[in-house]
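Given next are the chains, with one letter for each unit.
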Amino acid sequence: MIIIIEGPEGAGKTTLANKLVDMLDFPYIHRSKPRSEKEKQEMYESYLQIVHSGQNTILDRCWYSEIVYGRIMRDQSYITIEQMHELESAMAKNGGGIIIHC
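Residues numbered from 1 in each chain as written. Predicted model: local features only at pLDDT ≥ 70, side-chain atom pairs only at ≥ 80, totals over all residues. Heavy atoms only, no water.

A. The pattern of salt bridges, seen in detail. A complete count under the given rule lists 3 salt bridges for this structure. Ionic pairing is found between Arg61 and Glu9, a salt bridge with its closest N-O pair at 2.9 Å. In this pair, Arg61 sits in the loop between β3 (57-60) and α3 (63-74) while Glu9 sits in the loop between β1 (2-6) and α1 (13-24), placing the two residues 52 residues apart along the sequence. Judged by its relative accessible area of 16%, Arg61 falls in the buried class. The salt bridge involving Glu42 is made with Lys38; its shortest N-O contact spans 3.8 Å. Here Lys38 and Glu42 lie together in helix α2 (residues 37-53), a separation of 4 residues that amounts to about one turn. Take Lys38: its relative accessible area is 60%, and that puts it in the exposed class. (Salt bridge = Lys/Arg side-chain N within 4 Å of Asp/Glu carboxyl O. Helix = DSSP H or I, 4+ residues; strand = E, 2+ residues; numbered from the N terminus. Buried < 20%, exposed > 50% of the residue type's maximum accessible area, 1.4 Å probe, protein only.)

B. Structural context of the nonpolar core. If you look at the biggest cluster of nonpolar residues, it comprises 18 residues, and the most contacted ones within it are Tyr47, Leu59, Trp63 and Ile79. Put simply, the parts of the chain that give this core at least two residues each are β1, α2, α3 and α4 (81-93). When residues in this core are grouped by element, the largest group, 6 residues, is from α2. For Trp63, the contacting residues outside a window of four places in its chain are Ile4, Tyr47, Val51, Ile79, Met84, Leu87, Glu88 and Met91. (Core = buried A, V, L, I, M, F, W, Y, C linked by side-chain atoms within 4.5 Å. Contact = heavy atoms within 4.5 Å.)

C. Layout of a nonpolar patch on the surface. A cluster of nonpolar side chains, Val68, Ile72 and Met73, forms an exposed patch at the surface whose accessible area comes to about 340 Å². With respect to the helices and strands, Ile72 occurs in helix α3. Assessed through its relative accessible area of 61%, Ile72 is described here as exposed. (Patch = residues over 30% accessible without salt bridge, like charges linked within 9 Å, V, L, I, M, F, W, Y side chains within 5 Å. Areas by Shrake-Rupley, 256 points an atom, 1.4 Å probe, with all protein chains shown as cover.)

D. Structural view of the sheet that holds strand β2 (residues 28-29). Spatial ordering of the open sheet is given by β2-β3-β1-β4, a layout of 4 strands whose pairing is parallel. Here the strands that pair on one side only, and so sit at the sheet edges, are β2 and β4 (97-101). One ladder, built from 5 bridges, connects β1 with β4; its direction is parallel. When the sheet's bridge partners are listed, Ile3 is paired in β4 with Ile98. On top of the sheet, α2 reaches β1, β2 and β3; it is set at about 150 degrees to β3, its chief contact. Its contacts with the sheet place α3 against β1, β3 and β4, and it is angled at close to 25 degrees to β1. (Pairing = 2+ DSSP bridges. Axes fitted to C-alpha atoms, helices over the stretch in contact; angles between N-to-C directions.)

E. Inspection of the side chain of Ser77 at higher detail. Position of Ser77 among the secondary structure elements: in the loop between α3 and α4. The exposure class of Ser77 is buried, given its relative accessible area of 16%. Among the polar contacts made by the side chain of Ser77, one reaches the main-chain carbonyl oxygen of Ile79 at a distance of 2.7 Å. (Polar contact = N/O pair within 3.5 Å; in protein donor to acceptor, adjacent residues only side chain to side chain.)

Here it is, written out as structure tokens:
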């Protein structure tokens, strides 16, 4: 199962993620802003790998935040709408996930 935690700064995402990690013992991923084209591609590919693997994972923000924050903070997202749809489709095919909005 993939658990995605989304929300603005200071909403308690990381606190919640840490509690879930303690309870569920799932791997936890919090990515920082990519600094190069290579890191952008690696970010997308890592999300795709997680989704396709079906591995239990907790994501502290992910592609949904990137679509929003990228446009607000940098005038562009590092994840395209097409990539987001590919990630959503893959997640649905692999059993879905949970999105928690804080």
